[in-house]
Amino acid sequence: MIYYKTTEEIELLRKSNLLVSHTIATLAKEIKPGINTLQLDKLAEAFIQDHGGKPAFKGYKGFPYTCCISVNSAVVHGFPNSSELKEGDVVSIDTGVVLNGYVGDSAYTFAIGTISEDVQQLLRVTKESLYKGIEKAKVGYRIGDIGWAIQEHTEKKHGYGVVRSLTGHGIGKSLHEEPDVPNFGRRGNGLKLQEGLVIAIEPMINMGTKDVHVGDDDWTIYTNDGKLSAHYEHSIAVGKTKADLLSTFDPIEQAEKENPFLFDKYSL
Ligand code: MG
Ligand code: MG
């Protein structure tokens, strides 16, 4: 069943999501060649705990870390590990917190050093598609309109692969609530959007094939052709005239600009 949130609950969800945004921004200051993703994960865990939260992913269905950190052909659900990041890597960081009983969830993809125009375009278009989906997250539209907008921009316009087996989701006291929010769909189809619905919209967009598989760790999702993938995610509350973004990329994009090791030219 779908849990529609009160105004008070939406404000609590905003607090949780802002903590997620600031956690990712904290990591954005530290990403550089030579650091490993386990170090980033430890920083995230300490930051969340220092701010009164609990990592929402750690222990979720047995996931062992605070962040999903997915590098290059890893799409999502990557395990932080001891491999050093290097120039040219595309690094998706997805994390969640529980604060006052409410969950925040957001994700951002970074690139280290110089990247080709093809890669810049993948990141830019994926981020753009998130906002095109968010534009439809208001009363008068349906869930299918969100997925349609994302698919139009990424798959139809740019020929990228939209992952089908993973979707966005409702969010509240639980990390994953109903409804599913696919990144593909048909206009005018699916659940009618109403005020009080809070969802995470999260395009997972592959440079090549849409097809993916699970790795040996039983968690990490990889592209089948080994090509790159990007992932951006906001949690939002459906509004009457526009969506209310509960997470924000502002501190993340600021940190991205200030970190000389990160490529930031595609920032919107
Ligand atoms: Mg997420
Ligand atoms: Mg999510």
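Each value, and the rule that gives it
Sequence positions are assigned chain by chain, starting from 1 and proceeding in written order. Each chain takes a letter, starting from A, and each ligand takes a number, starting from 1, following the order in which they are written. For this predicted model, a pLDDT threshold of at least 70 governs which residues receive local features, and a threshold of 80 or more governs which side-chain atom pairs are given and counted, while totals over whole chains, interfaces and linings are taken from all residues. With hydrogens and water excluded, all non-hydrogen atoms of the structure serve as input to the side-chain values. To qualify as a helix, a DSSP run of H or I must reach at least 4 residues; to qualify as a strand, a run of E must reach at least 2; elements of each kind are numbered from the N terminus. C-alpha atoms define the radius of gyration in this analysis, and the globule rule sets the expected value at 2.2 Å times the number of residues to the power 0.38. For each residue, the accessible area found with a 1.4 Å probe, counting protein chains only, is set against the maximum for its type, and the residue is called buried under 20%, exposed over 50%, and partly exposed in between. Residues count as neighbours in contact if any of their non-hydrogen atoms are within 4.5 Å of one another. Under the convention used here, a 1.4 Å probe and the Shrake-Rupley method define accessible areas, while residue burial counts only the protein chains that appear. In this analysis, axes come from line fits to C-alpha atoms, helices being fitted only over the stretch in contact, and the angle between any two N-to-C directions falls in the range 0 to 180 degrees. By the definition adopted for this analysis, an angle is roughly parallel if under 35 degrees, roughly antiparallel if over 145, roughly perpendicular if from 65 to 115, and oblique otherwise. For any helix crossing, the convention is left-handed if the near helix is rotated counterclockwise from the far helix by under a right angle, and right-handed if that rotation is clockwise. Each residue receives one of three labels: charged for Asp, Glu, Lys and Arg, nonpolar for Ala, Val, Leu, Ile, Met, Phe, Trp, Tyr, Cys and Pro, and polar for the others, Gly being one of them. Any nitrogen, oxygen or sulfur atom within 2.8 Å of a metal ion counts as a donor, with the limit raised to 3.2 Å for Na, K and Ca, and since water is left out, coordination shells can look unfinished. By definition here, a salt bridge exists when the distance from a side-chain nitrogen of Lys or Arg to a carboxyl oxygen of Asp or Glu is within 4 Å. For each structure, a 1 Å grid was placed over the protein atoms alone; sets of points admitting a 1.4 Å probe that cannot get out are labelled cavities, open sets with protein on both sides within 12 Å along at least five of seven lines are labelled pockets, and lining residues have an atom within 4 Å of a point. Grid points are joined across faces, edges and corners, and a volume is the space filled by probe spheres set on the points. When DSSP finds two or more bridges between two strands, those strands count as paired.

Summing up its helical and strand segments, the protein chain has five helices and 15 strands in all. Radius of gyration (C-alpha) of the protein chain: 17 Å, near the 18 Å computed for a compact globule of 268 residues. Oriented by its inertia axes, the alpha-carbon framework of the protein chain measures out at about 45 × 45 × 35 Å. Expressed as a percentage of its 268 residues, the buried residues of the protein chain come to 57%. Considering only residue pairs separated by 6 or more positions, the protein chain has 71% of its internal contacts joining residues 24 or more positions apart. Carbon and sulfur atoms provide 49% of the accessible area of the protein chain, an area that totals close to 11,200 Å².

Another point: the packing of helix 3 (residues 117–135) against helix 4 (residues 143–158). A pair of packed helices is captured by two measures, namely the crossing angle of their axes and the spacing between those axes. It is at 7 Å that the axes of helix 3 and helix 4 come closest, and there the two elements cross at 155°. Classified by the angle between their axes, helix 3 and helix 4 sit roughly antiparallel to one another. Here helix 3 and helix 4 pass one another in a crossing that is right-handed. Residue-level contacts link Q121, V125, E128, S129, K132 and G133 of helix 3 to I146, A149, I150, H153, T154 and H158 of helix 4. Residues belonging to the contact of helix 3 with helix 4 are distributed by class as follows: four nonpolar, six polar and two charged.

Attention now moves to the coordination of the magnesium ion (ligand 1). Taken together, D94 (OD), D94 (OD), D105 (OD) and E233 (OE) make up the full set of protein donors to the magnesium ion (ligand 1), lying 2.0 to 2.6 Å away. Taken as an interatomic distance, the gap from the magnesium ion (ligand 1) to the magnesium ion (ligand 2) is 3.1 Å; D105 donates to each of them. Here D94 is found in strand 4 (residues 90–99), whereas its partner D105 is found in strand 5 (residues 102–111), with 11 residues between them in sequence. On the basis of relative accessible area, D94 is assigned to the buried category, the value being 8%. On the basis of relative accessible area, D105 is assigned to the buried category, the value being 2%.

Surrounding the magnesium ion (ligand 2) are the protein donor atoms D105 (OD), H169 (NE2), E202 (OE) and E233 (OE), which sit 2.1 to 2.2 Å from the metal. Counting residues between consecutive donors of the magnesium ion (ligand 2) along the chain gives the motif D-x63-H-x32-E-x30-E. For E233, a relative accessible area of 0% puts it in the buried group.

Bringing the side chain of K136 into the picture now. Note on placement: K136 falls in the loop between helix 3 and helix 4. Beyond its immediate chain neighbours, meaning those up to four positions away, K136 contacts Y141, D145, I146, W148, A149 and L193.

Moving on, we get to the pattern of salt bridges. Between side chains of opposite charge, pairing is possible as soon as their charged atoms come close. Tallied over the entire structure, the rule returns 11 salt bridges. A salt bridge links E11 to R14; the nearest nitrogen and oxygen atoms lie 2.9 Å apart. Here E11 and its partner R14 are both found in helix 1 (residues 7–28), three residues apart, which amounts to about one turn of the helix. By relative accessible area, E11 is classed as partly exposed at 37%. Note that E152 and K156 form a salt bridge whose closest N and O atoms lie 3.4 Å from each other. Here the residue E152 and the residue K156 both occupy positions in helix 4, the gap between them amounting to four residues, near one helical turn. Here E152 falls in the partly exposed class, since its relative accessible area comes to 28%. Of the residues examined, K156 reaches a relative accessible area of 53% and is grouped as exposed.

Right, let's get into the layout of surface pockets. Approximately 470 Å³ is the volume attributed to the largest pocket. In terms of lining residues, the largest pocket is bounded by 21 residues, among which Y60, H77, L166, L175 and H176 are the most central. Put simply, the parts of the chain that give the lining of the largest pocket at least two residues each are strand 7 (168–170) and strand 8 (177–181). By residue class, the composition of the lining of the largest pocket is nine nonpolar, six polar and six charged. Forming the walls of the second largest pocket are 17 residues, and the residues nearest its centre are I69, V71, F79, N81 and S83. A total of three residues in the lining of the second largest pocket trace back to one element, the largest contributor, which is strand 2 (residues 67–71).

Neither face of strand 9 (residues 198–201) is exposed, since V198 and A200 on one face and I199 and I201 on the opposite face are all buried. As paired strands, strand 7 and strand 9 are joined by two bridges and run antiparallel to one another. By the bridge assignment for strand 9, H169 is matched with A200. Across four bridges, the pairing between strand 9 and strand 14 (residues 234–237) is antiparallel. Residue pairing in the sheet places I201 in a bridge with H234 of strand 14.

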